Amino acid sequence: WEQPDGKPIRQRLLVVANRLPVSAVRRGEESWSLEISGGGLVSALLGVKEFEARWIGWAGVNVPDEAGQRALTKALAEKRCIPVFLDEEIVHQYYNGYCNNILWPLFHYLGLPQEDRLATTRSFQSQFAAYKRANQMFADVVNEIYEEGDVVWCHDYHLMFLPRCLKDYNSQMKVGWFLHTPFPSSEIHRTLPSRSELLGAVLAADLVGFHTYDYARHFVSACTRILGLEGTPEGVEDQGRLTRVAAFPIGIDSERFIRALEVHEVQEHIKDLKERFAGRKVMLGVDRLDMIKGIPQKILAFEKFLEENPYWRDKVVLLQIAVPTRTDVPEYQKLTSQVHEIVGRINGRFGTLTAVPIHHLDRSLDFHALCALYAVTDVALVTSLRDGMNLVSYEFVACQELKKGVLILSEFAGAAQSLGAGAILVNPWNITEVAASIGQALNMSAEEREKRHRHNFLHVTTHTAQEWAETFVSELNDTVIEAQQRIRK
Ligand code: G6P
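Rules used throughout
Residues numbered from 1 in each chain as written. Predicted model: local features only at pLDDT ≥ 70, side-chain atom pairs only at ≥ 80, totals over all residues. Heavy atoms only, no water. Near = heavy atom within 4 Å. Polar contact = N/O pair within 3.5 Å; in protein donor to acceptor, adjacent residues only side chain to side chain. Areas by Shrake-Rupley, 256 points an atom, 1.4 Å probe, with all protein chains shown as cover. Nonpolar A, V, L, I, M, F, W, Y, C, P; charged D, E, K, R; others polar. Buried < 20%, exposed > 50% of the residue type's maximum accessible area, 1.4 Å probe, protein only. Helix = DSSP H or I, 4+ residues; strand = E, 2+ residues; numbered from the N terminus. Contact = heavy atoms within 4.5 Å. 1 Å grid on protein atoms, 1.4 Å probe; cavity = no way out; pocket = protein on both sides within 12 Å on 5 of 7 lines; lining within 4 Å. Points joined across faces, edges and corners; volume = space filled by probe spheres on them. Pairing = 2+ DSSP bridges. Axes fitted to C-alpha atoms, helices over the stretch in contact; angles between N-to-C directions. Core = buried A, V, L, I, M, F, W, Y, C linked by side-chain atoms within 4.5 Å. Expected span 1.5 Å × (residues − 1). Phe/Tyr/Trp six-rings, centres within 6.5 Å; stacked < 30°, edge-to-face > 60°. Salt bridge = Lys/Arg side-chain N within 4 Å of Asp/Glu carboxyl O. pLDDT = per-residue confidence, 0-100. Parallel < 35°, antiparallel > 145°, perpendicular 65-115°, else oblique. Left-handed = near helix turned anticlockwise from the far one by under 90°.

K.L.:
When you look at the site of the ligand in this model, what are you seeing that I'm missing?
P.N.:
For the ligand, the full set of nearby residues is Arg-19, Tyr-95, Trp-104, Asp-156, His-158, His-180, Arg-288, Thr-325 and Arg-326. Within the side chain of Arg-19, an N or O atom sits 2.7 Å from an oxygen atom of the ligand. Side-chain polar atom of Arg-326 to an oxygen atom of the ligand: 2.8 Å apart, as the coordinates give it. Its free accessible area being 380 Å², the ligand has 71% of it covered by the protein chains. Broken down by class, the residue content of the shell around the ligand amounts to two nonpolar, three polar and four charged.

K.L.:
How should helix α14 (residues 367–376) be read in this particular structure?
P.N.:
Three or four residues apart is the spacing at which side chains of an α-helix point the same way, because the helix has 3.6 residues per turn. By the criterion of burial, α14 is predominantly enclosed, with eight of the ten residues buried. Here α14 has its buried residues at Ala-369, Leu-370, Cys-371, Ala-372, Leu-373, Tyr-374, Ala-375 and Val-376. Where α14 is buried, its residues meet α10 (254–260), α11 (264–276), β12 (281–288), β13 (316–323) and α15 (392–398). Two to three positions downstream of the cap, the backbone nitrogen of His-368 sits 3.0 Å from a side-chain oxygen, assigning the N-cap of α14 to Asp-366.

K.L.:
What exactly am I supposed to notice about the side chain of Ser-410 here?
P.N.:
If you trace the backbone, Ser-410 turns up in strand β16 (residues 406–410). Here Phe-412 takes part through its backbone nitrogen, which lies 2.9 Å from a polar atom of the side chain of Ser-410. When sequence neighbours within four positions are dropped, the list of residues in contact with Ser-410 reads Val-382, Thr-383, Ser-384, Ala-416, Leu-425, Val-426 and Pro-428.

K.L.:
Looking at this structure, I do not really get empty space enclosed by the protein. What am I missing?
P.N.:
A probe matching the size of a water molecule, rolled over the atoms, marks out where space remains unfilled. Summed over all chains, the structure comprises one cavity of 30 Å³ or more. Its volume calculated, the largest cavity comes out at about 70 Å³. As for the largest cavity, its lining consists of Phe-396, Val-397, Gln-400, Gly-405, Val-406, Leu-407, Gly-422, Arg-449, Arg-452, His-453 and Asn-456. For the lining of the largest cavity, the elements supplying multiple residues, two or more each, are α15, β16 and α18 (446–462).

K.L.:
Even after reading the chapter, I still don't get the sheet that holds strand β17 (residues 424–426), so can you show me in this structure?
P.N.:
Pairing between the strands of a sheet comes from backbone hydrogen bonds, and it takes one of two forms, parallel or antiparallel. Read across the open sheet, the six strands follow the order β14-β13-β12-β15-β16-β17; overall the sheet is parallel. The sheet is open, and its two edges are formed by β14 (358–361) and β17, each paired on a single side. Geometrically, the sheet is characterised by an average inter-axis angle of 15 degrees between neighbouring strands, direction not taken into account. Contacts between helix α12 (residues 295–308) and the sheet are confined to β12, β13, β14 and β15 (379–382), with β13 contributing the most and set at about 170 degrees to the helix.

K.L.:
Where do I start with the nonpolar core in this structure?
P.N.:
Across soluble globular proteins, you tend to see nonpolar side chains buried next to one another. With 97 residues, the main nonpolar core has Tyr-94, Tyr-131, Phe-183, Phe-210 and Phe-219 as its most contacted residues. Ranked by the residues each element gives to this core, the list is headed by helix α3 (residues 88–107), at eleven residues. In this structure, Phe-219 is in contact with Phe-183, Leu-199, Val-202, Leu-203, Val-208, Phe-210 and Val-245, ignoring residues within four places of it in sequence. Among the nonpolar cores identified, the runner-up in size contains 73 residues, and Leu-13, Trp-55, Leu-273 and Ala-423 belong to it.

K.L.:
What should I look at first to understand helix α19 (residues 465–488) in this one?
P.N.:
Taking 1.5 Å of rise per residue, the 24 residues of α19 would be expected to cover 34 Å, and the 35 Å separating its terminal C-alpha atoms lies within 8% of that figure. If you check which residues of α19 are buried, you get Ala-465, Gln-466, Trp-468, Ala-469, Phe-472, Val-473, Leu-476, Asn-477, Thr-479 and Val-480.

K.L.:
Honestly, the sheet that holds strand β8 (residues 207–210) in this entry has me stumped. Any pointers?
P.N.:
In space, the nine strands of this open sheet follow the order β5-β4-β1-β6-β7-β8-β11-β10-β9, with mixed pairing throughout. The two strands at the open ends of the sheet, each matched to only one other strand, are β5 (81–83) and β9 (230–232). Averaged over all neighbouring strand pairs, the angle between strand axes comes to 20 degrees, with direction disregarded. Here strand β7 (residues 174–178) pairs with β8 via three bridges, running parallel. Looking across to β8, one finds that Trp-177 is bridged to Val-208. Along the sheet face, α19 touches β1 (11–19), β4 (51–58), β6 (151–155), β7, β8 and β11 (241–247) and points at about 120 degrees away from the line of β6.

K.L.:
What is the right way to read the packing of aromatic side chains from this model?
P.N.:
Evaluation of the coordinates by the stated rule reveals 21 aromatic pairs. Between the aromatic rings of Tyr-98 and Tyr-131, the centroid separation amounts to 4.8 Å while the plane-to-plane angle is 50 degrees, which identifies the pairing as tilted. Of the two residues, Tyr-98 is situated in helix α3 and Tyr-131 in helix α5 (residues 121–145); the sequence distance between them amounts to 33 residues. The burial state of Tyr-98 is the same as that of Tyr-131; both residues are buried. Ring centres of Trp-153 and Trp-468 lie 5.0 Å apart, and the angle between their planes is 40 degrees; on these two criteria the pair is classed as tilted.

K.L.:
How should the pattern of salt bridges be read in this particular structure?
P.N.:
Opposite charge on two side chains permits pairing when their charged atoms draw close. Under the criterion given, the structure shown has 26 salt bridges. Here Lys-132 ties to Glu-197 by a salt bridge, and the two come within 2.9 Å at their closest N and O atoms. Residue Lys-132 is located in helix α5, and its partner Glu-197 is located in helix α8 (residues 195–203); the two are separated by 65 residues in the primary sequence. The partly exposed category is assigned to Lys-132, whose relative accessible area is 28%.

K.L.:
How should I be thinking about the environment of Arg-454 in this particular structure?
P.N.:
Secondary-structure assignment places Arg-454 in helix α18. Given the relative accessible area of 36%, Arg-454 is considered partly exposed. In this structure, the C-alpha to C-alpha distance between Arg-454 and Gln-400, residues 54 residues apart in sequence, is 10.0 Å. Excluding residues that lie within four positions of it along the chain, Arg-454 makes contacts with Glu-401 and Lys-404.

K.L.:
Would you explain the confidence of the model for the protein in this entry?
P.N.:
Interpretation of the predicted coordinates at a detailed level should be avoided for regions scoring low in pLDDT. Confidence in the prediction for the protein averages 94 pLDDT; 96% of positions are at 70 or higher. This prediction of the complex comes with two scores: 0.96 for pTM and 0.97 for ipTM.

K.L.:
Explain the packing of α11 against α14 to me, please; I cannot follow it from the model alone.
P.N.:
Working note: a packed helix pair is described by the angle between its axes plus the distance between those axes. In the contact formed by α11 and α14, the axes pass within 9 Å of each other and the chain directions differ by 50 degrees. One finds that α11 runs oblique with respect to α14. As for the relative orientation of α11 and α14, their crossing is right-handed in sense. On α14, the residues touching Glu-265, Val-266, His-269, Ile-270, Leu-273 and Lys-274 of α11 are His-368, Ala-369, Cys-371, Ala-372, Leu-373, Ala-375 and Val-376. Class assignment of the residues belonging to the contact of α11 with α14 gives a composition of nine nonpolar, two polar and two charged.

In structure tokens form, the structure reads like this:
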């Protein structure tokens, strides 16, 4: 396709995710300040030159008044973002409720909340109704800006209904859906009261993507066992219509991390950190403060390691960055106090007047401080109980060209499938095993560290976020063309 001046027309890519890649802070009645958040998805799509991306999503703030909504819409338009306005009640029922208290734990094998299993089906039903309503609101905004030829890419567990809503508007729309979490075994998914409706809604998409082959396989099994449809090597078939299902493992913009290490400010940070922790090995955890990340289990394993290895007590420090998240959901509040309690106890037990074994921070770090921390780390601990992919492990590897530190990685993170040969894989529930792997990592020879790092570094720098996004979108285009050809035949 070409414009009159001969330049190729870039296809428009409408990226729909619950959260926009900017955070908005209100400065006055009609004034907003916006800050781009640098998540994996954002850098993936910024790097893709073939498409012209627009973002549709919730700005993360309640804007009840029209003047405020108008001003925010205008400010966001400059960043190619289009907001979906969700009021407090719907955020409570859809985001805190159905998304983060029901789907998120279930997809990470933590089961449904007990109270929903027992008496409060009313609350379950009203949360599910709000979920569908919210998905319809996203669809309304997409439908308003959609132009023929656009590709619509829906993201994550918040928007499982969206493919259905979009196809109801326009069956010709090219719709892809990608899940950033695990998709659990069909035996887990079938416990969900709305199991069939959700699967059916996702199947309205042309292409459905997951991080790993196992998640894709679980999804196809759920469709065959719960909906009675036919699973094929290509995907799921329903009365002659195929929904393509495949694995597309995400990556990071590794160059961004590697380049950051050259920045003066980062070099200064590195120098400070080295001085501060001189004579001690640095172990690092960076996680959202979420029950799926296995933070208490990780800290208990570190305690066990110190208990069994008195030699290491004053020679190692664990820095745990725990970024607060979803703080309105009670499970997350409970976790915060649980982690504080464990850290306090261990520091009381093994600390001295001048040093503590665990530095725990309940906040995020800016990008440069984070890169410096990754660079000075000897051992990174990624011990999620379940994790869709886990890009912290990738970021750590990208920053370790000089140091060649060791990655201890949960076998239940999607990343274990790609970094497994370079990392020490552990079962995060087995505290004895994790404690032993800490010893193995701290004592590992330089030669073995080099070999393991080489493997992981090669993977992280070749399987990038840009490549991931390009592959998914071109596969979506191809899938639609093939489907049209099948119909013509
Ligand atoms: C996970 C989800 C994302 C989500 C992110 C942060 O990575 O897969 O969709 O945006 O967590 O969570 P939050 O609830 O703050 O958006």
